[in-house]
Amino acid sequence: MIDKSGLAAAFAFIREYGIDEFPRFLCVCCILSGILYQSERSWIFDNMEWLNVFGLIFIIVILIPNIIFAIRRRDGFVNKWKNKYAEAAEQIGRVGCFVFMIINIPGTWFGWRSDEAFAVYLIADTVLVMLYCLTWIVYFKKSSVFGALALSVIPSILFLFSGIMSRSVLLIIASVIFAPNHIVISYKNAKK
């Protein structure tokens, strides 16, 4: 079961201090996840066979600005570029990326080659997630084609990089399906 108190804390922080202070909040979360890593290391690695706790944290953090965007746009997002095949492939890839960032399926996930590879995974994914959130902050203030592309390219890189570093075959496949479709749909919608 997902601990909803972390999401509630993020939303309370944003409501109290505004979206501009969110990067500081994100840095605190990263520091706390490092403390969690040190204090709960044995539990995390005992359960890392099937559950990627850090992948779960990354997914939750990248969902926060998307949820805020959905709340601000109560009328919903209108897809101006109608291509049902690209939309279906994007959604299948998105769900696959979310699931396989969190769940490790035995026989399709081979883990990190070394502790150094795991450290690179954590650092690079943290940087990508922070960059994604910072891009959302800019995008909230002013929509642009560049912003839309950045918001589609960054998670695509995050998912593909995570799949390669964790040697997760299903995550790599899902990200290869998701990335081109998400980028094209974002570009077509931003351009119109």
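Scope of this entry: the structure provided in the associated data block. The model shown is predicted, which means the values in this text are computed figures rather than measured ones. (Residues numbered from 1 in each chain as written. Predicted model: local features only at pLDDT ≥ 70, side-chain atom pairs only at ≥ 80, totals over all residues. Heavy atoms only, no water.)

1. What to know about the overall build of the chain
The helix and strand inventory of the chain stands at 8 helices and 0 strands. Of the regular secondary structure in the chain, the N- to C-terminal order runs α-α-α-α-α-α-α-α. In the chain, which comprises 192 residues, the proportion classed as buried is 42%. The contacts of the chain with a sequence gap of at least 6 include a subset with a gap of at least 24, amounting to 80%. Here the chain displays about 10900 Å² of accessible surface, and carbon together with sulfur accounts for 68% of that area. (Helix = DSSP H or I, 4+ residues; strand = E, 2+ residues; numbered from the N terminus. Buried < 20%, exposed > 50% of the residue type's maximum accessible area, 1.4 Å probe, protein only. Contact = heavy atoms within 4.5 Å. Areas by Shrake-Rupley, 256 points an atom, 1.4 Å probe, with all protein chains shown as cover.)

2. Side note on the nonpolar core
Phe58, Ile62, Met101, Trp112, Tyr121, Trp136 and Phe159 are the most contacted members of the largest nonpolar core, which has 37 residues in total. Where this core is concerned, the elements lending two or more residues are helix H4 (53–72), helix H5 (84–102), helix H6 (115–141), helix H7 (145–166) and helix H8 (169–191). The biggest single contributor to this core is H6, with 11 residues. Leave out the neighbours within four places in its chain, and Tyr121 touches Asn52, Phe54, Gly55, Phe58, Trp112, Phe161, Ser162 and Met165. (Core = buried A, V, L, I, M, F, W, Y, C linked by side-chain atoms within 4.5 Å.)

3. Observations concerning the environment of Tyr85
Note that Tyr85 resides in helix H5. Remark: the alpha-carbon pair of Tyr85 and Asn181, spanning 96 residues in sequence, is separated by 9.1 Å.

4. Here we look at H5
If you check H5, its first and last C-alpha atoms are 27 Å apart, about what 19 residues at 1.5 Å a residue would give, namely 27 Å. Three or more residues of H5 are buried, namely Ala86, Ala89, Glu90, Gly93, Gly96, Cys97, Phe100, Met101 and Ile102. Residues of H5 that are buried make contact with H4, H6, H7 and H8. The backbone nitrogen of Tyr85 lies 3.2 Å from a side-chain oxygen of the residue at the head of H5, namely Asn83. (Expected span 1.5 Å × (residues − 1). Polar contact = N/O pair within 3.5 Å; in protein donor to acceptor, adjacent residues only side chain to side chain.)

5. A short note on the side chain of His182
Structurally, His182 can be placed in helix H8. At a separation of 2.5 Å, a polar atom in the side chain of His182 contacts the side chain of Glu90. When residues no more than four places from it in sequence are discounted, the contact partners of His182 are Glu90, Arg94, Leu151, Ser152 and Ser156.

6. Details of the packing of aromatic side chains
Under the counting rule described, the total for this entry stands at 12 aromatic pairs. A centroid spacing of 5.7 Å and a plane angle of 65° characterise the contact between Phe54 and Phe118, whose relative ring orientation is edge-to-face. On the criterion of sequence distance, the pair formed by Phe54 in helix H4 and Phe118 in helix H6 is long-range, its members being 64 residues apart. Geometrically, the ring pair formed by Phe69 and Trp136 is tilted, given 5.1 Å between the ring centres and 50° between the ring planes. Highlighted residues: Phe69 in helix H4 and Trp136 in helix H6, separated in sequence by 67 residues. Residue classification places Trp136 among the buried residues on the basis of a relative accessible area of 5%. In this structure an aromatic cluster arises from ring pairing among Phe54, Phe58, Trp109, Trp112, Phe118 and Tyr121. Its end group placed over the ring of Phe140, Arg72 keeps NZ or CZ at 4.7 Å from the ring centre. (Phe/Tyr/Trp six-rings, centres within 6.5 Å; stacked < 30°, edge-to-face > 60°. Lys NZ or Arg CZ within 6 Å of the ring centre and 35° of its normal.)

In short, the description is geometric, and any link to function would need to be established separately.
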